[in-house]
Amino acid sequence: MARLAALPTGTVQQILGARAGRMASERACGWDPRPVTPAALPVSANVRARFERDLLDGAEVRARLLELVVRLGVTLRGRGQAARAVTLTLHFAGGARWEKSRRLREPSAHEDDLRMAVYQLMDAAGLQRGRLRGIVLKGDDAVAADTAAEQLSLDPRREARLVMEEAADRVRAKFGPGAIGPAGAARRAS
């Protein structure tokens, strides 16, 4: 390619013909006038956590679940998508698994909306002392966020959380995905 790019366009046109020579010369120099059509975004996004040891503690499971909700929200917002449904899959010791989906009232990538739906799914699992080995959280039936209708909220606390979510996304973009997150997802030191 480098040799072809170094040749004058006229020389390439004499060898290949006017049209083919011009096109070959342009492509070799890195110029392509064809429009770039982006690939369609996937219709789902999933995040997962595997545990080194079985988790029995409900508070620790909720903390890990909240961490996954934040990661799923960041993934969806980063793609410019909103999920219409969420699926929670729990993997237990011994190879058993439990999976359940819940449709959201409206497509969303906001952590509050995702968290409420996922916590409802977790409550539906009815875990007493289940030994969890892993959790998979999936945002299903994703649509472009700009096409999703968003209900106006008159709740100042929700609006403040959405503004904080945008600020947290900017912090994560600058300092990395683990730079900021909800206190409930923080791991205990001991």
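Predicted model only: the values in this text are computed from it and were never measured.

**Considerations on the confidence of the model for the chain**
A low pLDDT means the predicted coordinates there should not be read in detail. Taken as a whole, the chain shows an average pLDDT of 85; of its residues, 96% reach a score of 70 or greater. The secondary structure element of the chain with the lowest average pLDDT is helix 1 (residues 2-6), at 83, and the one with the highest is strand 2 (residues 81-92), at 93.

**Topic: the side chain of Glu 111**
Mapped onto the elements, Glu 111 comes out in helix 5 (residues 111-125). Note on Glu 111: relative accessible area 13%, which makes it buried. Of note is the side chain of Glu 111, whose polar atom sits 2.9 Å from the side chain of Arg 77. Setting aside chain neighbours within four positions, we find Glu 111 in contact with Val 69, Val 70, Val 74, Arg 77, Glu 165 and Arg 172.

**Details of the pattern of salt bridges**
Per the counting criterion, the structure on display carries 19 salt bridges. Of the charged contacts, one joins Asp 141 and Arg 103 as a salt bridge, the two residues approaching to 2.9 Å between their closest N and O atoms. Taken together, the residues Asp 141 in the loop between strand 4 (132-140) and strand 5 (143-144) and Arg 103 in strand 3 (residues 97-108) connect sequence positions 38 residues apart. Take Asp 141: its relative accessible area is 31%, and that puts it in the partly exposed class.

**A word on the side chain of Asp 112**
Structurally, Asp 112 can be placed in helix 5. Within the local environment of Asp 112, its side chain forms a polar contact with the side chain of Arg 115, the two groups lying 3.2 Å apart. When near neighbours in sequence (up to four residues on either side) are disregarded, Asp 112 contacts Arg 158 and Arg 161.

Rules of the game
- Residues numbered from 1 in each chain as written.
- Predicted model: local features only at pLDDT ≥ 70, side-chain atom pairs only at ≥ 80, totals over all residues.
- Heavy atoms only, no water.
- pLDDT = per-residue confidence, 0-100.
- Helix = DSSP H or I, 4+ residues; strand = E, 2+ residues; numbered from the N terminus.
- Buried < 20%, exposed > 50% of the residue type's maximum accessible area, 1.4 Å probe, protein only.
- Polar contact = N/O pair within 3.5 Å; in protein donor to acceptor, adjacent residues only side chain to side chain.
- Contact = heavy atoms within 4.5 Å.
- Salt bridge = Lys/Arg side-chain N within 4 Å of Asp/Glu carboxyl O.

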